[in-house]
Amino acid sequence: MNREPKEYRRIAVCGGIYNNYLALEAALEDIRRREVEAVFCLGDMGAFGPHPDRVFPLLGEGKVLAIQGNYDQSLATGLDNCHCGYTDPRDNYFAQLSYEYTFRKTSHENKAWLGKLATHRRVKLGQYRVLMCHGSPRRTNEFLWESTSPNCLLEKFCRDFETDILLCTHTGIKWHRALDGYGHIINVGTIGRPENDGQVHVWYTLLTAGDDLQVEFIPVRYDHETLAREMEKEGLPSEFIETIRTGWWTTCLEILPAKERARGKY
Amino acid sequence: MTIPTAPLLELSTLWIQVTGTWCNLTCTHCLNSSGPHNPWLKSLDTDMVIRSIKEGAELGIKEIYYTGGEPFLHKDMLLLTAHALEVAPTTILTNGTLITEQVADHLAALAQNSPYSLEIRISIDDVDPEKNDRIRGKGAFSKAIRALQVLHSRGLLPIVTATEILRDELPEGSGMYEQFRDLLLSLGITKPRMKIMPVFSIGRMEGEGGPLLTPEMLDGFDYSLLQCSETRVVAEGGVYACPILAGLPQARLSEKSLKEAFKPCDLYHTACVTCYETGMTCKN
Ligand code: SF4
Ligand SMILES: [Fe+2]
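Residues numbered from 1 in each chain as written. Chains lettered and ligands numbered in written order. Predicted model: local features only at pLDDT ≥ 70, side-chain atom pairs only at ≥ 80, totals over all residues. Heavy atoms only, no water.

Structural notes on the sheet that holds strand S4 (residues 64-66) of chain A
Sheet strands pair by backbone hydrogen bonding; their relative direction is either parallel or antiparallel. Residue and element names in this part refer to chain A. Convention followed: A pair of strands is labelled paired if DSSP reports no fewer than 2 bridges between them. By the criteria applied, helices consist of DSSP H or I runs no shorter than four residues and strands consist of E runs no shorter than two, each listed in order from the N terminus. Working convention: axes come from line fits to C-alpha atoms, limited for helices to the stretch in contact. Angles between N-to-C directions cover 0 to 180 degrees.
In space, the five strands of this open sheet follow the order S4-S3-S2-S10-S11, with mixed pairing throughout. Of all strands in the sheet, those bounded by a partner on one side alone are S4 and strand S11 (213-220). Adjacent strand axes in the sheet meet at a mean angle of 25° when their direction is disregarded. Note: strand S10 (residues 202-209) against S11, eight bridges, orientation antiparallel. Bridging from a neighbouring strand, alanine 209 pairs with leucine 213 of S11.

So, in structure tokens, the structure goes:
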């Protein structure tokens, strides 16, 4: 593809949705009031929450430009697990429960749609070149946590992938680092799950190009109690529901590096 | 027979075998036969380690691991930890026996001052002290437990590394993982972290030969499943393919620089079969 990437001045970027259609709805409504030129999603529509098929119409109505996450890839190709990249047996056990649920409840059409998404996207934001990916530019399911992403690696990514701004998700916790010289790495957080800080809201990211790059993390409050009740009705694990109600992670904990793990409750 | 090779797809993990095979314990399953007397691989000079970290940074690595032997036998281990944490997230593989309150205070301060995570991995092989010490030596269990507690009380969240050496002695139906989790919770370690490793036919467990990988087995194989596709080890004598074969002449890829070790490595050892079958990695 040698088409010039499209240029914007102000965009909104969402991370993993994880079936949380209520949070997505609330986020899109918030975004509408903020005069952005486009809305992007960095993949992982499914996982964790209830009723996967309710996410897709919202993405269509909101004209969300999506790329493919590891979950989307797995669902689209009929793999037997989510390829989230967990290594711990307890983490894998819970990941498998939500994957099987999501696989069963996602329609053929939606799986096919996920299969057609690209894994990367390039745009321009003012003078900046932007590269969007799911985990890292080199691997869809690589985790880029704030405390395990050294500057030397991030600089290499910017160099090798010829970008000024690198956007990713996959971990579930947002962060931003401006590199000396040039380059910004932004993990945009996720819409699907609160970020293990005891707060029930979720986050998306607003980017505005001016003389400098402006990065704003926007909290999104939504009807999390309704989501929790629907998860109960769908028979999803009580551990997941606790996370929605309390903002503390109860699963996928072993993948957290020491610093991020220390900040959580479990 | 042709020996198959694995390409280096990227250099992400830099291992530093900082004390060679010098250790204060003599575990029966040690994969590089470490011990207190006449280690067959010597410790690295402080300057040499600092140079390797610098080269790693220039090459854009993602993380650093210190191993040995027992890393805390190195006279400059805290200084070297500080150097590593300036560049990248760092993990130390230790038996825990030398982690005193003072060492733990130092480590906690280093972790606090770095933007990157410091992980301390403590080896224990069984939740039963007597069984553990049969493998790891008398008193090893209680010292390791004490290390877990002094680290935990400083917010350092150590990871317990266990090998499957005593797996067959487990009572029916009880998993190793659950046993360790329960042990850690009972010690008041509220964020129990675990890593379970297979035993390798190497070092003190090296048998008589054993199966080897063939080029046919690797036909169409995804090399990214082997850690030698993304790691290199600095140890006495040069740069080696992976932490399991570090120090062995056939696994040596360069005498000096990491950059020179950007080439395929021979999958010549029976240990390679374990990697091939389990996809395991020595990383966290
Ligand atoms: S032991 Fe494993 S990691 Fe090392 S060279 Fe053999 S296959 Fe690669
Ligand atoms: Fe993901």
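Following the structure, the description resumes.
Focus: the confidence of the model for chain B
Just so we agree on the cut-off: Predictor confidence is given residue by residue as pLDDT, running from a minimum of 0 to a maximum of 100.
The predicted model of chain B has a mean per-residue pLDDT of 94, with 98% of residues at 70 or higher. Scoring the predicted complex yields pTM 0.96 and, for the interface, ipTM 0.95.

A closer look at the packing of aromatic side chains
All names here are of chain A. The condition is simple: Between 30 and 60 degrees the pair is tilted, below 30 it is stacked and above 60 it is edge-to-face, where a pair is any two Phe, Tyr or Trp rings, Trp via its six-membered ring, whose centres lie within 6.5 Å. Only protein chains enter the area calculation, which uses a 1.4 Å probe; residues under 20% of their type maximum are buried, those over 50% are exposed, and those in between are partly exposed. Charge-over-ring placement is defined geometrically: NZ (Lys) or CZ (Arg) within 6 Å of the ring centre, and within 35 degrees of the ring normal.
Enumeration according to the criterion identifies 14 aromatic pairs over all chains in this entry. The interplanar angle of 25° and the centroid separation of 4.7 Å between the aromatic rings of phenylalanine 48 and phenylalanine 240 together place this pair among those described as stacked. Of this pair, phenylalanine 48 sits in the loop between strand S3 (38-41) and helix H2 (55-61) while phenylalanine 240 sits in helix H8 (residues 238-246), and the two are 192 residues apart along the sequence. You'll find phenylalanine 48 and phenylalanine 240 in the same group, each marked buried. Among the aromatic residues, those joined into a cluster by ring pairs are Phe48, Tyr93, Phe94 and Phe240. Lying across the ring of phenylalanine 103, lysine 111 places its NZ or CZ 3.6 Å from the centre. In this arrangement the basic side chain of lysine 174 is found over the ring face of tryptophan 203, its NZ or CZ atom lying 3.9 Å from the centre.

Description of the interface of chain B and chain A
When the parts of a complex come together, some accessible area is lost, and that lost area is often taken as the interface size. Worth spelling out the cut-off: By definition in these notes, contact holds between two residues if any of their heavy atoms fall within 4.5 Å. As a working definition, buried area equals the accessible area (1.4 Å probe) given up by two parts on being put together, with both sides summed. By definition, a salt bridge exists where a carboxyl oxygen of Asp or Glu is found within 4 Å of a side-chain nitrogen of Lys or Arg. N or O atoms closer than or at 3.5 Å make up a polar contact, with two conditions inside protein: a donor-capable atom paired with an acceptor-capable one, and, for residues adjacent in sequence, both atoms drawn from side chains. Residues were grouped as follows: Ala, Val, Leu, Ile, Met, Phe, Trp, Tyr, Cys and Pro as nonpolar; Asp, Glu, Lys and Arg as charged; and all remaining residues, including Gly, as polar.
Every contact between the two is made by 26 residues of chain B and, on the other side, 30 residues of chain A. Interface of chain B and chain A: buried area, both sides summed, is about 2,000 Å²; carbon and sulfur atoms make up 47% of it. For chain B, the biggest contributors to the area lost against chain A are B:Lys62, B:Tyr177 and B:Lys191; these three give 29% of the whole. Where chain B meets chain A, there are three salt bridges. With its nearest N and O atoms 3.7 Å apart, the salt bridge here joins B:Glu10 to A:Arg139. Remark: the boundary between chain B and chain A carries 15 residue pairs in polar contact (both at pLDDT 80 or more). Elements represented by at least two residues in the side of chain B that touches chain A include exactly helix H1 (46-58), helix H3 (101-113), strand S5 (118-123) and helix H6 (176-186) of chain B. For the side of chain B that touches chain A, the residue count by class is 14 nonpolar, five polar and seven charged.

Quick word on helix H1 (residues 21-32) of chain A
For the record, the criterion: Multiplying 1.5 Å by the helix residue count minus one yields the expected span of that helix.
The end-to-end C-alpha distance of H1(A) is 16 Å, a good match for the 16 Å that twelve residues give at a rise of 1.5 Å each. Here H1(A) has its buried residues at A:Tyr21, A:Leu22, A:Ala23, A:Leu24, A:Ala27, A:Leu28, A:Asp30 and A:Ile31.

Focus on the pairing of strand S7 (residues 165-168) of chain A
All names here are of chain A. As a reminder of what qualifies: A crossover counts as right-handed when, viewed with the strands pointing away from the observer, the path leading from the first strand over the helix to the second turns clockwise.
Burial along S7 is two-sided: Ile165 and Leu167 and Leu166 and Cys168, pointing in opposite directions, are all buried. Where strand S6 (residues 128-132) meets S7, three bridges bridge the pair, whose relative direction is parallel. By the bridge assignment for S7, leucine 131 is matched with leucine 166. Handedness of the crossover joining S6 and S7 through helix H6 (residues 151-160): right-handed. Both S7 and strand S9 (residues 184-187) contribute to a ladder of four bridges, which runs parallel. Its bridge partner being in S9, leucine 166 is matched across the sheet by isoleucine 185.

A closer look at the site of ligand 1
To keep things clear, this is the line we draw: In these notes, residues near a molecule or strand are those with any non-hydrogen atom within 4 Å of it.
In the region of ligand 1, the neighbouring residues are B:Gln227, B:Cys228, B:Cys242, B:Leu245, B:Leu267, B:Cys272 and B:Cys275. In terms of residue class, the shell around ligand 1 is made up of six nonpolar, one polar and no charged.

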